[in-house]
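Listed below are the residues making up each chain.
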Amino acid sequence: MENQKFCQRCGMPMQEPQHFATNADGSKNEDYCCYCYENGAFFYPEATMEQVIESCLPHVVPDVWADEATARAVMNEHFPTLKCWKKTGMIISFKLKEGVSTEDFLKVSDKIQENYLSKCKGFINRQLMVIDGVWTDWIIWETLPDAENSMKKSAENESAKEFISLIGEVIEQNNYTLERSY
């Protein structure tokens, strides 16, 4: 079963086309199952890894594992290796709008940090760097759903709106999975 795909949120084997989730554009998503993700979004995005494990237990006991304790132990060991539950980072590189000073930008950056990001579920760390007028904002989250939820909710936050209003050209934006910290 070398090519076997497993949902990167709940661990479900995805063997049939109908098991796969869909992206926002309707295309097949090969990372998540149809029970965890649909149309480019997670069902119950606020759910913790522990809550997802508990919701999976009735589906694997007794068919896969004989008892709940064994199933829970195996899932608690396996789930942190799934894409959804690995620490996730976002890197956004950008230039400031014409006329925005570094001092003004840093004041607004401090506000978004204090009033929004530091209070978001799953926020771990943030680094803000600049070289030759190109800024890079590097944010680390506990999970991918935490990162995605924070970005969706930022449109409603005044500090986030103010921060975004100072950004001119976005050069690059990437999400990544943190594999190891030293």
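Refer to the preceding data block for the structure.
Everything numeric in this text was worked out from a predicted model, so none of it was measured.

Relative to each other, helix α3 (residues 102-115) and helix α5 (residues 158-165) sit at 150°, their axes nearing to 8 Å. Between α3 and α5, the interaxial angle falls into the category roughly antiparallel. Along this stretch, α3 crosses α5, giving a crossing that reads as left-handed. Packed against α3, whose contacting residues are F105, V108, S109, K111, I112 and N115, the element α5 presents S159, A160, E162 and F163 at the interface.

Let us look at the side chain of D146. When you line up the elements, D146 lands in helix α4 (residues 144-154). On the basis of relative accessibility, which here comes to 4%, the residue D146 falls in the buried class. There is a polar contact of 3.1 Å between the side chain of D146 and the side chain of T143. Not counting residues within four places of it along the chain, the set of residues in contact with D146 comprises K121, G122 and W141.

The biggest cluster of nonpolar side chains holds 25 residues, and the ones touching the most others in it are C7, C10, Y32, M75 and F79. The biggest single contributor to this core is helix α1 (residues 49-60), with 6 residues. Excluding residues within four positions of it along the chain, F79 makes contact with R9, C10, M49, V52, I53, C56 and W85. Grouped together as the second largest cluster of nonpolar side chains are 19 residues, I112, L117, W141 and A147 included.

This next bit is on the sheet that holds strand β9 (residues 134-141). The strand order across the open sheet built from 4 strands is β8-β9-β7-β10, with neighbouring strands paired in antiparallel fashion. Edge strands, defined here as strands with exactly one partner in the open sheet, are β8 (123-131) and β10 (167-177). Averaged over all pairs of adjacent strands, the angle between their axes in this sheet comes to 15°, without regard to strand direction. The pairing of strand β7 (residues 88-96) with β10 spans 8 bridges and is antiparallel. Its bridge partner lying in β10, T88 is registered against T177.

Conventions we followed
Counting of residues starts from 1 at the beginning of each chain's written sequence and follows it residue by residue. With pLDDT at 70 or above as the cut-off, local features in this predicted model cover only qualifying residues; side-chain atom pairs require 80 or more to be listed or tallied, and sums for whole chains, interfaces and linings still use all residues. Calculation of side-chain values draws on the structure's entire complement of heavy atoms; hydrogens and water are dropped beforehand. An axis is simply a line fitted to the C-alpha atoms; with a helix, the fit covers only the stretch in contact. Between two such axes, the angle follows the N-to-C directions and lies from 0 to 180 degrees. Going along the chain from the N terminus, every DSSP run of H or I of four or more residues is numbered as a helix, and every run of E of two or more is numbered as a strand. Between 65 and 115 degrees an angle is taken as roughly perpendicular, under 35 as roughly parallel, over 145 as roughly antiparallel, and anywhere else as oblique. Throughout, a crossing is termed right-handed when the near helix is turned clockwise from the far one, and left-handed when it is turned anticlockwise from it by less than a right angle. In what follows, residue pairs with any heavy atoms lying within 4.5 Å of each other are defined as contacts. Each residue gets one of three labels from its accessible area relative to the maximum for its type: buried under 20%, exposed over 50%, partly exposed in between, using a 1.4 Å probe on protein chains only. Residues adjacent in sequence count toward polar contacts only when both atoms are side-chain atoms; beyond that, a polar contact is any pair of N or O atoms within 3.5 Å, and within protein one must be able to donate a hydrogen and the other to accept it. In these notes, a set of buried Ala, Val, Leu, Ile, Met, Phe, Trp, Tyr and Cys residues joined through side-chain atoms within 4.5 Å is what counts as a nonpolar core. Any two strands with at least two DSSP-identified bridges between them are counted as paired.

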